[in-house]
Amino acid sequence: MRTIRTIAELRGYLKRARGQEMTVGLVPTMGAFHAGHHSLMRAARAEHDEVIVSLFVNPAQFNDAGDLAAYPRNESQDAAEAAELGVDVLFAPPVAEIYPPGFSTSVQVAGLSEILEGAERGPGHFAGVCTIVTKLLNIVGPDVAYFGQKDAQQVAVVKRMVRDLDIPVRLEALPTVREPDGLALSSRNVHLGPDDRIRALALSRALKAAEDAVAGGERDARRVHEIAAAQLRDVDAEYLAIVDPANFDALTTIDGRALVAVAAHVGPVRLIDNVVLQPVPVAT
Ligand code: AMP
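For the structure given in this document, a descriptive report is provided here. (Residues numbered from 1 in each chain as written. Predicted model: local features only at pLDDT ≥ 70, side-chain atom pairs only at ≥ 80, totals over all residues. Heavy atoms only, no water.)

**Observations concerning the site of the ligand**
Next up, step 1: Not every one of the 18 residues close to the ligand is listed here, only the nearest: Met-30, His-37, Asp-151, Val-177 and Leu-185.
Next up, step 2: One of the backbone nitrogen or oxygen atoms of Met-30 is found 2.9 Å away from an oxygen atom of the ligand.
Next up, step 3: Leu-185 places a polar main-chain atom, nitrogen or oxygen, 2.9 Å from a nitrogen atom of the ligand.
Next up, step 4: Calculation on the ligand without its partners gives an accessible area of 480 Å², and the protein chains cover 92% of this total.
Next up, step 5: Sorting the residues of the shell around the ligand by element identifies β2 (24–29), α2 (35–47) and β5 (144–148) as the ones contributing at least two each.
Next up, step 6: Take the shell around the ligand: its biggest share by element is three residues, from α2.
Next up, step 7: When its residues are assigned to classes, the shell around the ligand shows eight nonpolar, eight polar and two charged. (Near = heavy atom within 4 Å. Polar contact = N/O pair within 3.5 Å; in protein donor to acceptor, adjacent residues only side chain to side chain. Areas by Shrake-Rupley, 256 points an atom, 1.4 Å probe, with all protein chains shown as cover. Helix = DSSP H or I, 4+ residues; strand = E, 2+ residues; numbered from the N terminus. Nonpolar A, V, L, I, M, F, W, Y, C, P; charged D, E, K, R; others polar.)

Have a look at this one:
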């Protein structure tokens, strides 16, 4: 595996691959790899001749300088893990390579970017995500780009952007990888102390409670919300929402696919998680 730091070098590398009609898979990341990142890399490796993993802690999507400074970084460990998984290139550019002086463009998806994560993290969050994803798609030109369903709203926003801007790429969203006790893997979990690590289970418990309620026949979204919210008493919840997974419209009745999304502060860490529910008729 090679590490590439400039756009010109990566383009040169990919030109050769394209000349041989190879397919290219891209996994955009901010590093501090865990099994969630690994699953995206494995999927890309299984499906493409060339696998490019980008590692870039994107300042444009952070609304809080302290959060950006505290974001875990360990490039040498990440590089070892990516190499082990058979990744061809780790693209790890410095900030000035991506945002040179005078950079002044931003890609914004209206509506979807302004609710839930967008409301909590500010309107710049998804504009930062969309701008970096657009740049990476333009730099790499992958056949497929891999994302985690863990960031469900990011998946929805990026899908909308790719559709609206006719970007020639297929997006794949892969299931959330969890610890055995249910906690969704996140690079931020390293900042959870032992007590907060236990309290953090409230998020997956809330989602499980919603899932169980719907599996048991509950279709009233307000009732499902109450049942899930009861699990969040020990954490500082920001939102718990039951929405249409495609357009994030709030649901009142769960009669088709429903996304339950939650965000909460647990100690020093802000966590998000979600589950997609698919109600099936209950036998009577
Ligand atoms: P990040 O480095 O946190 O920006 O994440 C890079 C990619 O990995 C994003 O598409 C995330 O949605 C995905 N990802 C993060 N955590 C998980 C997880 N627990 N399971 C699956 N994918 C994940």
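**Thoughts on the pairing of strand β8 (residues 258–266)**
Next up, step 1: Extensive coverage of β8 is indicated by the burial of eight of its nine residues.
Next up, step 2: In this structure, strand β7 (residues 236–243) lies alongside β8, joined through seven bridges in antiparallel fashion. The partner of Ala-237 across the bridge, within β8, is Ala-264.
Next up, step 3: Examined bridge by bridge, β8 and strand β9 (residues 269–277) share nine bridges and lie antiparallel to one another. By the bridge assignment for β9, Leu-259 is matched with Val-276. (Buried < 20%, exposed > 50% of the residue type's maximum accessible area, 1.4 Å probe, protein only. Pairing = 2+ DSSP bridges.)

**A look at the packing of helix α1 (residues 7–19) against helix α7 (residues 124–140)**
Next up, step 1: Their axes nearest at 9 Å, the elements α1 and α7 cross at an angle of 50 degrees. By the angle between their directions, the pair α1 and α7 is classed as oblique. Along its contact with α1, which presents Ile-7, Leu-10, Arg-11, Leu-14 and Arg-18, the element α7 presents Asn-138, Ile-139 and Val-140.
Next up, step 2: Within the contact of α1 with α7, the residues separate by chemical class into five nonpolar, one polar and two charged. (Axes fitted to C-alpha atoms, helices over the stretch in contact; angles between N-to-C directions. Parallel < 35°, antiparallel > 145°, perpendicular 65-115°, else oblique. Contact = heavy atoms within 4.5 Å.)

**Re the sheet that holds strand β4 (residues 89–91)**
Next up, step 1: Overall, parallel pairing links the six strands, which are arranged β1-β4-β3-β2-β5-β6 in an open sheet. Looking at which strands have only one partner, the edges of the open sheet turn out to be β1 (2–4) and β6 (170–174). When strand polarity is set aside, the average angle formed by the axes of neighbouring strands in this sheet is 25 degrees.
Next up, step 2: Relative to β5, β2 is paired through two bridges, and the arrangement is parallel. Residue Gly-25 lies in a different strand from β5, and its bridge partner there is Val-144.
Next up, step 3: On top of the sheet, α7 reaches β2, β3 (50–55), β4 and β5; it is set at about 150 degrees to β2, its chief contact.

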